[in-house]
Amino acid sequence: AQTVTQSQPEMSVQEAETVTLSCTYDTSENNYYLFWYKQPPSRQMILVIRQEAYKQQNATENRFSVNFQKAAKSFSLKISDSQLGDTAMYFCAFRTPGGGSNYKLTFGKGTLLTVNP
Amino acid sequence: DTAVSQTPKYLVTQMGNDKSIKCEQNLGHDTMYWYKQDSKKFLKIMFSYNNKELIINETVPNRFSPKSPDKAHLNLHINSLELGDSAVYFCASSQTRDGSYTFGSGTRLTVV
């Protein structure tokens, strides 16, 4: 079974600074997807960024980028120029492609990020 | 708006009651899910349907019964509610060939 570990329950950062959230995962699969989801106080789950394991290039979405290290099974999220609106719970998630019972998103326990003014 | 919508957003009910949560997606996705988020914010899958067929049924009490009348709808019915059922329940959908899930806004269920 796949597992996702987020070792930082809480983090804080000053507005405009950069912060990195850590995520490691365990799988025997070679092809899979990795995601970061954001859950602000509004409770909505928002997709921040996704990475396909077969792609060596790290995904980026505006101020959000990842450092994907496949051999180390590491998938960290970097937030640049942090904004107050980035305050949220961040979840790392893993999924294998295809159908059937493997077709589910497995989440880490989350990291609560607070951006301070 | 294209989205996953679930109703109600809040549900407060007494122990022993039966309640339902409804979910609809207009994204044309072929797979829908129910996730439970506990008080510690941990998200765990409960059920998944692909084209109306149940494909994932995690260890969930029999009091929980999903129903998918068509691939755009996935409802969750809960019988004999217990205090431990209090949580936020999320509906989500995805397309088999794509990895990303789209989530509904969640239903906060409180059993008193």
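Residues numbered from 1 in each chain as written. Chains lettered and ligands numbered in written order. Predicted model: local features only at pLDDT ≥ 70, side-chain atom pairs only at ≥ 80, totals over all residues. Heavy atoms only, no water.

Student: What exactly am I supposed to notice about the packing of aromatic side chains here?
Tutor: What describes a pair of aromatic rings is the distance from one ring centre to the other and the angle between the planes of the rings. If you walk through the whole model with that rule in mind, you get 19 aromatic pairs over all chains. Note on Tyr 25 of chain A and Tyr 32 of chain A: the rings are 5.3 Å apart at their centroids and 65 degrees apart in plane angle, and the pair reads as edge-to-face. Tyr 32 of chain A sits in the buried class, given a relative accessible area of 2%. Three or more aromatic residues joined by ring pairs form one cluster here, namely Tyr 33, Phe 35, Tyr 37, Phe 91 and Phe 107 of chain A together with Tyr 33, Tyr 35, Phe 90, Tyr 101 and Phe 103 of chain B. Above the plane of the ring of Tyr 10 of chain B lies Arg 43 of chain A, whose end atom (NZ or CZ) is 5.1 Å from the centre. (Phe/Tyr/Trp six-rings, centres within 6.5 Å; stacked < 30°, edge-to-face > 60°. Buried < 20%, exposed > 50% of the residue type's maximum accessible area, 1.4 Å probe, protein only. Lys NZ or Arg CZ within 6 Å of the ring centre and 35° of its normal.)

Student: What is the right way to look at the side chain of Thr 13 of chain B in this model?
Tutor: Its place among the elements puts Thr 13 of chain B in strand S2 (residues 10–13). Those residues within four positions of Thr 13 of chain B in sequence are excluded, and the remaining contacts are Lys 19, Leu 81, Leu 109, Thr 110, Val 111 and Val 112 of chain B. (Helix = DSSP H or I, 4+ residues; strand = E, 2+ residues; numbered from the N terminus. Contact = heavy atoms within 4.5 Å.)

Student: I tried to follow the interface of chain A and chain B on my own but got confused; where do I start?
Tutor: Interfaces are frequently sized by the accessible area removed from exposure as the parts join. Each partner contributes residues to the interface: chain A has 21 residues there, and chain B has 29 residues. Regarding the contact of chain A and chain B, the summed buried area is about 2000 Å², with carbon and sulfur atoms giving 53% of it. For chain A, the biggest contributors to the area lost against chain B are Arg 43, Tyr 103 and Phe 107 of chain A; these three give 35% of the whole. Between Glu 58 of chain B and Lys 104 of chain A there is a salt bridge whose closest N-O contact spans 3.3 Å. The tally of links from chain A across to chain B stands at 10 residue pairs in polar contact (both at pLDDT 80 or more). (Buried area = accessible area lost by both parts, 1.4 Å probe. Salt bridge = Lys/Arg side-chain N within 4 Å of Asp/Glu carboxyl O. Polar contact = N/O pair within 3.5 Å; in protein donor to acceptor, adjacent residues only side chain to side chain.)

Any functional reading would require information that these geometric values do not contain.
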